[in-house]
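# Chain and residue survey
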Amino acid sequence: MQSWLKGLPVVGRKPIPPYVYLVGAGPGDPGLLTMRAIECLSIADTVIYDYLASSEMLAFAPQARKIAVSDLPGEHPNRWPHIHERIVQEALAGNVVVHLKGGDPSIFGRCAEEVAVLQAANIPYEIVPGVTSASAASAYGEIPLTHRAHASAVAFITGHEYPGKEDSHLSWEALAQFPGTLVVYMGVARIASIAASLQQFGKSPTTPVAVVQQASSGSQRRLLTTLQTVANEIQEQQFKAPAIIFIGPAVGAATSPSWFERKPLAGKKILITRPAHQVGDLLRQLELAGAAPSHLPVLDIVPTNQAEVDREIRHIARGLYDGLIFTSRNTVDLFFARLRALKYDARTLAKVQIASIGPATTAALAEHNISADITTHDESNSEALLELLRPIWQGKRILLPQAAEARTVLHDGLKAFAEQVQPVVCYQQEVVLNPKSPVFAELRKGDFSHIHLMSGRTAEVFLAACDEEILIHFRSGRTVLVANSARLYQLLTEKGFVCLKTPHPQADGLLELLLGE
Ligand code: SAH
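No experiment lies behind these values; they were computed from the predicted model shown. (Residues numbered from 1 in each chain as written. Predicted model: local features only at pLDDT ≥ 70, side-chain atom pairs only at ≥ 80, totals over all residues. Heavy atoms only, no water.)

Taken together, 17 residues form the shell around the ligand, and within it Asp104, Ile107, Thr132, Ser133 and Ala243 come nearest. Here an oxygen atom of the ligand and a backbone polar atom of Asp104 are 2.8 Å apart. For the ligand, the accessible surface in isolation is 540 Å², of which the surrounding protein chains cover 91%. Residue classes in the shell around the ligand are distributed as eleven nonpolar, five polar and one charged. (Near = heavy atom within 4 Å. Polar contact = N/O pair within 3.5 Å; in protein donor to acceptor, adjacent residues only side chain to side chain. Areas by Shrake-Rupley, 256 points an atom, 1.4 Å probe, with all protein chains shown as cover. Nonpolar A, V, L, I, M, F, W, Y, C, P; charged D, E, K, R; others polar.)

Here's what the structure looks like:
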């Protein structure tokens, strides 16, 4: 997948392996990675990451082998020795290793233990700080951690050392007297005993409390309550890890709703089904609008018939064609890739007229310094192009690069007035949908507000993978299908699904629709 920060001037200098970077990834929003984290990712041979790392973060390390901690043996907390063992193994095999950890590595991240293991193995390392969840939840939840009037100190506390735990190092009596904000990490499951204990040692039952789940992501949820009621409310509203709890008078100065929760797409969970190479910065744009996007690629593009495409390019060079038609960005990209491979360039096309369907195709041509002679305003509108060409391309010899699955309208229509029409298939679509993706469980729960579908074929493959439990949400409108074209909109509506249509088929058409631009 492409990173959304193309052209970022990051020049990581690769150390001689073995070398390990313990890198804080922040709380989830890829925008909260540090520049240093990105530098380390850009030079890593191996990235070992935990559940907080998103595909957008991993895209900064396209060259690296990626290992999910969840794929290593053992369950938390018994997984740690396996993680340490794997890091050492990878480093000693001659690799620069990044261990990408949630938040800041030094705050409840077992950083010291990891460092001890690296020192024992004589492996050089660096530690890269990250935005810890306390400050992220404070910023994105607009809950002050310190306050001139209410809190002059902050304590980071682990909820794993809950009151009553035999080997606890914490004095809840002292914490009840703490003159500032208590920030409890990993505390959701133990909040009842924590709240009871603090009250027992004299903390007021009306002390303001805030809970922030999945801070900084589009799925962020926040609860403002008191010490007395927090345990019940967490249970009733089903707050779950990862969530952080703030306790203290400064929490009373929280703004409600927070700036982040006022974003136009806050709380919207959106599924993108575009091929990976076409996603661009769409996921990031959705995040910046407050949404929680997920990506489930359905189809991918596979180049075909290279020899035939090459032959037709040579025919153009020999002057055997007068017109060349591009119907999609894919045909443009694949055609020019072959043109370059054959050591031709834009001059080869100097004598042919070039037509394109739709603004996205025309924009793709412009990226190759070609401005189309004739173009339609709509995408997927072969009929409109035929009308434009009929009066001016009479008796011409036309080359038509296209997809294996292309409709025949254009080919048939051109034959009526051209001297010669030569279609050449330059790619076909391959199904890459993973039916085991965790996205399907979320679809079954009706978690998604919108699903963006790109084409009839995408819709067909995707819908065939959805069971009745999922489809019911598409019929009720709990999950709205967003069609990329009028034709797809009609097809989906006829099937009884609740649909919307984007104003145009480019990636940002979805944003324009959802933001009402
Ligand atoms: N090193 C991490 C903390 C790891 S302990 C850091 O500096 O943030 C894991 C705990 O961190 C979770 O149980 C939760 O309390 C908190 N946490 C991690 N990510 C979070 C998020 N996005 N929102 C709220 N809390 C989060």
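A few words now on a nonpolar patch on the surface. Residues Phe108, Val154, Phe156 and Met186 make up a contiguous nonpolar surface patch of about 320 Å² in total accessible area. Examined against the element boundaries, Val154 turns out to sit in strand 6 (residues 154-158). Residue class for Val154 comes out partly exposed when judged on its relative accessible area of 32%. (Patch = residues over 30% accessible without salt bridge, like charges linked within 9 Å, V, L, I, M, F, W, Y side chains within 5 Å. Salt bridge = Lys/Arg side-chain N within 4 Å of Asp/Glu carboxyl O. Helix = DSSP H or I, 4+ residues; strand = E, 2+ residues; numbered from the N terminus. Buried < 20%, exposed > 50% of the residue type's maximum accessible area, 1.4 Å probe, protein only.)

The next subject is the packing of helix 10 (residues 306-317) against helix 11 (residues 329-341). Running from amino to carboxyl end, helix 10 crosses helix 11 at an angle of 70°, the nearest separation of the two axes being 10 Å. One finds that helix 10 runs roughly perpendicular with respect to helix 11. Facing Gln306, Val309, Asp310, Ile313 and Ile316 of helix 10, the residues of helix 11 in contact are Phe335, Arg338 and Leu339. Looking at the contact of helix 10 with helix 11 residue by residue, the class counts come to five nonpolar, one polar and two charged. (Axes fitted to C-alpha atoms, helices over the stretch in contact; angles between N-to-C directions. Parallel < 35°, antiparallel > 145°, perpendicular 65-115°, else oblique. Contact = heavy atoms within 4.5 Å.)

All right, on to the environment of Leu515 then. Position of Leu515 relative to the elements: it lies in helix 19 (residues 509-515). Considering only alpha carbons, one finds Leu515 and Gly280, 235 residues apart in sequence, at a separation of 19 Å. Beyond its immediate chain neighbours, meaning those up to four positions away, Leu515 contacts Pro264, Leu265 and Ala289.

A few words now on the pattern of salt bridges. All told, the structure shown has 24 salt bridges when counted by the stated rule. The partner of Arg311 in a salt bridge is Glu312, with the nearest N and O atoms 3.1 Å apart. One salt bridge in this structure joins Glu383 and Arg407, with 3.6 Å as the shortest N-O distance. Placement of the pair is Glu383 in helix 13 (residues 382-389) and Arg407 in the loop between strand 17 (397-403) and helix 14 (409-415), with a sequence separation of 24 residues. The exposure class of Glu383 is partly exposed, given its relative accessible area of 39%.

With that settled, the discussion passes to unusual backbone geometry. Most peptide bonds are trans, and most residues other than glycine sit at a negative phi. With an omega of 0°, the peptide bond running from Pro17 to Pro18 counts as cis. Structurally, Pro18 is set in the segment before strand 1 (19-24). Ala241 connects to Pro242 through a cis peptide bond whose omega is 0°. As for its position among the elements, Pro242 is in the loop between helix 8 (230-236) and strand 10 (243-247). Of note, Glu142 is a non-glycine position whose phi angle comes to about 50°, a positive value. Mapping Glu142 onto the fold places it in the loop between helix 5 (133-140) and strand 6. Take Glu142: its relative accessible area is 25%, and that puts it in the partly exposed class. A positive phi angle is found at Gln214, which is not glycine, with a value near 45°. With respect to the element layout, Gln214 can be found in the loop between strand 8 (208-213) and strand 9 (221-226).

The next subject is the packing of aromatic side chains. By the definition in use, this model includes eleven aromatic pairs. The interplanar angle of 70° and the centroid separation of 5.7 Å between the aromatic rings of Phe156 and Tyr185 together place this pair among those described as edge-to-face. Residue Phe156 is found in strand 6, and its partner Tyr185 is found in strand 7 (residues 181-185); the two are separated by 29 residues along the sequence. Its relative accessible area of 38% is what places Phe156 among the partly exposed residues. Since its relative accessible area comes to 7%, Tyr185 is described here as buried. Where Phe462 meets Phe474, the ring centres are 6.2 Å apart and the plane angle is 25°; that geometry is what we call stacked. Highlighted residues: Phe462 in helix 16 (residues 456-464) and Phe474 in helix 17 (residues 468-476), separated in sequence by twelve residues. Per residue, the accessibility class of Phe462 equals that of Phe474, and both read buried. One aromatic cluster is present, built from ring pairs that chain together Phe108, Phe156 and Tyr185. Across the ring face of Phe239, the terminal group of Arg221 is positioned such that the distance to the ring centre comes to 4.1 Å. (Phe/Tyr/Trp six-rings, centres within 6.5 Å; stacked < 30°, edge-to-face > 60°. Lys NZ or Arg CZ within 6 Å of the ring centre and 35° of its normal.)

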